[in-house]
Amino acid sequence: MPIDRCAEYLKNRNGLESEPKERLTPSALEERLDRVERDIKLLTEFDKVEKARFDSESYLWTAEDRIEWQETQSDDARQMRELIEEREALRSQLASYE
């Protein structure tokens, strides 16, 4: 049965539910940008593994398992969009310091 491990990890690690209230320093922005880029890479690798698992195991899954996997993929795609948006916002903030 598919499990949404990676997205939950990233959500808890980044605390993406809350936006920063104060303006961050350039070094803090760079650290956060590095973390977001690592998370994007991690989620991309996790997605590749999950798709390979789907290709090799999905014929054994029930319809409920397939639906759950599709929901997990949808959640992961949403998480990836949020990370990409955060990365672009951080890049813009860093550019404003230059």
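Located above this text is the structure these notes cover.
The numbers attached to residues start from 1 for each chain and follow its sequence in the written order. Thresholds applied to this predicted model are a pLDDT of at least 70 for local features of residues and 80 or more for the giving and counting of side-chain atom pairs; totals over whole chains, interfaces and linings are not thresholded and use all residues. The basis for every side-chain value is the complete set of heavy atoms in the structure, and neither hydrogens nor water enter the calculation.

**Digging into the packing of aromatic side chains**
The aromatic pairing rule takes the rings of Phe, Tyr and Trp, using the six-membered ring of Trp, and pairs them if the centres are within 6.5 Å, calling planes under 30 degrees apart stacked, those over 60 edge-to-face and the rest tilted. Applying the stated criterion to the full structure yields 3 aromatic pairs. Seen from their ring centres, Phe54 and Trp61 are 5.5 Å apart, and the 65 degrees between their planes marks the pair as edge-to-face. On the basis of relative accessible area, Phe54 is assigned to the partly exposed category, the value being 22%. The class for Trp61 is buried, based on a relative accessible area of 10%. Between buried and exposed lies partly exposed: a residue is buried under 20% and exposed over 50% of the maximum accessible area for its type, with that area taken using a 1.4 Å probe on protein chains only.

**Some words on the pattern of salt bridges**
By definition, a salt bridge exists where a carboxyl oxygen of Asp or Glu is found within 4 Å of a side-chain nitrogen of Lys or Arg. Per the counting criterion, the structure on display carries 9 salt bridges. For the salt bridge of Glu37 with Arg91, the shortest nitrogen-to-oxygen distance reads 3.1 Å. Taken together, the residues Glu37 in helix α2 (residues 26-57) and Arg91 in helix α3 (residues 63-97) connect sequence positions 54 residues apart. Overall, the relative accessible area of 36% leaves Arg91 in the partly exposed class. Because the salt bridges share partners, they merge into one network encompassing Glu37, Arg87, Glu88 and Arg91. The helix and strand labels rest on DSSP assignments: H or I over at least four residues marks a helix, E over at least two residues marks a strand, and numbering proceeds from the N terminus.

**Focus on the nonpolar core**
Counting residues in each nonpolar core, the largest one holds 10 residues, listed as Leu24, Leu29, Leu33, Val36, Ile40, Leu43, Met80, Leu83, Leu90 and Leu94. For this core, the elements supplying multiple residues, two or more each, are α2 and α3. For this core, the leading source of residues is α2, giving 5 residues. Beyond its immediate sequence surroundings of up to four residues, Leu24 is in contact with Leu29, Arg32 and Tyr97. Residues belong to one nonpolar core when they are buried, are Ala, Val, Leu, Ile, Met, Phe, Trp, Tyr or Cys, and are joined through side-chain atoms within 4.5 Å. A contact between two residues is defined here by any heavy atoms of the two lying within 4.5 Å.

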